[in-house]
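# Architecture at a glance
Here is what each chain is made of, one letter per residue.
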Amino acid sequence: MKVLVHIDGAEQWRDALAERLPEAEVMTSSAPAEQRREADYLAVWKPPEALLREPVALKGIVNLGAGVDALLNNPGLPEGVPIVKLRDAGMGELIGDYVRYAVLHFQRDFDRYRRQQHVRQWREHAVVDKADWPVGVLGLGAIGAKVAAMVAADGFPVHGWSRSAKRLSGITCHHGDAGLEALLVRVRTLVLLLPDTPATRQIIDARALARLPEGASLVNPGRGTLIDEVALLAALGPDDDAGSVGRLRGAILDAFPEEPLPEASPLWRHPRVWVTPHMAGPTPLGEAMDQVAEALRAFAAGKPQATVDPDAGY
Ligand code: GLV
């Protein structure tokens, strides 16, 4: 089996895969074109269009990330080739830590204290009990479910939402349009971990934001396309450092429709927005390559596991 790996720092990934799959010939995109053309499988993250078109008899693709939006939107993607993606692979725990930090940031008033520091104001706020701080998690895939469990383990009531019904221990699960409404009206921090699909694009629009309780906060380690940015800015209120806030108290954002976030974006300088550069869940190499090796063996045995549904988008 011939596998071509494409990702930043591909040599390290190639070596890790070769170690786990000694029966395979593993190369990177720096291999000569005639070798690249012979690849049976691709293990890739955001590959260039031309690379996807090269192999003459491609049998399968492993997406070296959890979200397949970039791959599915790539015009070079050959039709009918089965795709598998990483499932959690250690990303869930990293994103869980990011979300735990974000929830505590608002629940323990770090945003308010920062503003107070700017005016040298010494004033303590009463702590809202964790039990009175419901957290909503939209998206209950491998990562969303892990994050929901971590936040629940910290003592926060967690409401999860997915398109179709799910059951997760310790989480109040909602589904469908009515379930989304029911979740939005009761959460103080809303976390977005949905995939980018036609059905989820701008799911957080003016209407959804208006359903959130006054003073709610938003955390997005998922995909930037989930949010209508104009509505977000309107809900955050004026771009000043005063205590006056809009309906939305603040937003911690790791994902944006265009990355890097363009310099002109008003999000950069909004005092109640925290911008991080898509760092919440870097793919851990070891766990990822264990999954890739397993996926390639399953492909080779003619039994690819849990392939991506290109129409659903995940
Ligand atoms: C990162 O954003 C991923 O989808 O893995």
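These figures come from a predicted structure and were not determined experimentally.

Here the focus is the overall build of the protein. A count of helices and strands for the protein gives eleven helices and twelve strands. Along the first, second and third principal axes, the C-alpha set of the protein runs to 65 × 40 × 30 Å. Accessible surface computed for the protein: about 15,000 Å², of which carbon and sulfur atoms make up 51%. Each charge class in the protein was averaged separately, 34 positive and 41 negative side chains, and the resulting centres sit 5 Å apart.

With respect to topology, seven strands assemble into an open sheet ordered E8-E7-E6-E9-E10-E11-E12, the strand pairing being parallel. A single partner strand is all that each edge strand has here, and the edge strands are strand E8 (172–175) and strand E12 (273–275). Strand-to-strand twist of the sheet, defined as the mean angle between neighbouring strand axes without regard to direction, takes the value 15°. Across four bridges, strand E6 (residues 135–138) lies against strand E9 (residues 189–192) in parallel orientation. Paired with Val135 across the two strands is Thr189, which belongs to E9. Strand contacts of helix H5 (residues 91–107): E6, E9, strand E10 (216–220), strand E11 (248–253) and E12, with the helix running at about 155° to E11, the strand carrying the most contacts. Along the sheet face, helix H8 (residues 176–184) touches E6, strand E7 (158–162), E8 and E9 and points at about 135° away from the line of E8.

Another point: the nonpolar core. Core analysis: the largest hydrophobic core is formed by 47 residues, its most contacted members being Val5, Leu17, Val62, Ile95, Val292 and Leu296. Residue assignment for this core shows that the elements contributing at least two residues are strand E1 (2–6), helix H1 (10–20), strand E3 (41–44), H5, E6, helix H7 (142–153) and helix H11 (285–300). Each of two domains, domain 1 (2–89 + 283–300) and domain 2 (91–275), supplies a minimum of three residues to this core. Discounting residues that sit within four places of it in the chain, Leu296 has contacts with Met1, Val3, Leu17, Leu21, Tyr41 and Val62. Membership of the second largest hydrophobic core comes to 29 residues, among which are Leu194, Ala216, Ala235 and Val273.

Glancing now at the pattern of salt bridges. Under the criterion given, the structure shown has 19 salt bridges. Put simply, Asp97 and Arg100 hold a salt bridge, and the shortest N to O gap is 3.1 Å. Of this pair, Asp97 and Arg100 both sit in helix H5, three residues apart, which is roughly one turn of that helix. Measuring nitrogen to oxygen at the nearest pair gives 3.6 Å for the salt bridge that ties Arg163 to Asp177. Taken together, the residues Arg163 in the loop between E7 and E8 and Asp177 in helix H8 connect sequence positions 14 residues apart. Classification of Arg163 as partly exposed rests on a relative accessible area of 43%. It is possible to trace a salt-bridge network through shared partners that takes in Asp109, Asp111, Arg112 and Arg249.

Glancing now at the site of the ligand. Every residue near the ligand is listed here: Trp45, Gly65, Ala66, Gly67, Met91, Arg223 and His278. The backbone of Ala66 places a nitrogen or oxygen atom 2.7 Å from an oxygen atom of the ligand. Here Gly67 contributes a backbone N or O atom positioned 2.7 Å from an oxygen atom of the ligand. Considering the ligand on its own, with 190 Å² of exposed area, one finds that the protein chains cover 87% of that surface. For the shell around the ligand, the per-class residue count stands at three nonpolar, three polar and one charged.

Attention now moves to the packing of aromatic side chains. This model, assessed by the stated rule, comprises two aromatic pairs. Geometrically, the ring pair formed by Phe106 and Trp274 is edge-to-face, given 6.4 Å between the ring centres and 90° between the ring planes. Separated by 168 residues along the polypeptide, Phe106 in helix H5 and Trp274 in strand E12 bring together distant segments of the chain. Given the relative accessible area of 0%, Phe106 is considered buried.

Reading the values: rules and limits
Residues numbered from 1 in each chain as written. Predicted model: local features only at pLDDT ≥ 70, side-chain atom pairs only at ≥ 80, totals over all residues. Heavy atoms only, no water. Helix = DSSP H or I, 4+ residues; strand = E, 2+ residues; numbered from the N terminus. Areas by Shrake-Rupley, 256 points an atom, 1.4 Å probe, with all protein chains shown as cover. Lys, Arg positive; Asp, Glu negative; His and termini not counted. Charge placed at Lys NZ, Arg CZ, Asp CG, Glu CD. Pairing = 2+ DSSP bridges. Axes fitted to C-alpha atoms, helices over the stretch in contact; angles between N-to-C directions. Contact = heavy atoms within 4.5 Å. Core = buried A, V, L, I, M, F, W, Y, C linked by side-chain atoms within 4.5 Å. Buried < 20%, exposed > 50% of the residue type's maximum accessible area, 1.4 Å probe, protein only. Domains from an automatic or database assignment. Salt bridge = Lys/Arg side-chain N within 4 Å of Asp/Glu carboxyl O. Near = heavy atom within 4 Å. Polar contact = N/O pair within 3.5 Å; in protein donor to acceptor, adjacent residues only side chain to side chain. Nonpolar A, V, L, I, M, F, W, Y, C, P; charged D, E, K, R; others polar. Phe/Tyr/Trp six-rings, centres within 6.5 Å; stacked < 30°, edge-to-face > 60°.

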